[in-house]
Amino acid sequence: MPDAATYRRFADKGVTGTLVAPWWLATPQEKAEHGDGIELKVATIERFAEEVIAKM
C-alpha cells in the first residue's frame, strides 16, 4: 500500500484526488481474521486511515 510520502509526492505534482481500495492489498492475517466481505473492507480502510491519512 502506498504510504503518506507517496501521496505527498502526488500532491506536489498537482494531483488533487485519488481512489484507494486497501482491501486489494489485505494481508493474509486480515483475510484470515475478517474473511473476504465487508468486514475485511472496513478493517483495511481503518488501517489505511491510521497508516496513511493520519500522517498526511
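Everything that follows concerns the structure shown earlier in this document.
Note that the coordinates shown come from a computational prediction; the quantities given were computed from them, not determined experimentally.

Asks: Looking at this structure, I do not really get the environment of Phe48. What am I missing?
Replies: The topology assignment puts Phe48 in helix α3 (residues 38-51). Between the C-alpha atoms of Phe48 and Pro22, which are 26 residues apart in sequence, the distance is 6.7 Å.

Asks: Honestly, the pattern of salt bridges in this entry has me stumped. Any pointers?
Replies: Side-chain pairs of opposite charge can arise whenever the charged atoms involved come near each other. Inspection of the entire model under this criterion finds two salt bridges. Notably, a salt bridge pairs Arg47 with Glu51, separated by 3.6 Å at the nearest N-O pair. Taken as a pair, Arg47 and Glu51 lie in helix α3 at a separation of four residues, close to a single helical turn. With relative accessibility at 16%, the residue Arg47 sits in the buried group.

Asks: Explanation requested: α3 in the structure shown.
Replies: For α3, with 14 residues, the first-to-last C-alpha span of 20 Å sits near the 20 Å given by 1.5 Å per residue. Those residues of α3 lying buried are Leu40, Ala43, Thr44, Arg47 and Phe48. Taken around the axis of α3, the buried residues stretch over an arc of 140 degrees, which confines them to a single face. The exposed set on the far side of α3, more than 90 degrees from its buried face, consists of Ile38, Glu39 and Glu50.

Conventions and cut-offs
- For every chain, the first residue of the written sequence is number 1, and numbering continues from 1 along that sequence.
- With pLDDT at 70 or above as the cut-off, local features in this predicted model cover only qualifying residues; side-chain atom pairs require 80 or more to be listed or tallied, and sums for whole chains, interfaces and linings still use all residues.
- Only hydrogens and water are removed before side-chain values are computed, so all heavy atoms of the structure are retained for them.
- Secondary structure counts use DSSP, requiring at least four H or I residues in a row for a helix and at least two E residues in a row for a strand, with both numbered from the N terminus.
- The rule for a salt bridge is simple: a side-chain nitrogen of Lys or Arg has to be within 4 Å of a carboxyl oxygen of Asp or Glu.
- Summary of the burial criterion: residues with accessible area below 20% of their type's maximum are buried, those above 50% are exposed, and those between are partly exposed, where the area comes from a 1.4 Å probe applied to protein chains only.
- What a helix should span is 1.5 Å times the count of its residues minus one.
- For this quantity, the arc is that covered by the directions from the helix axis to the C-beta atoms.

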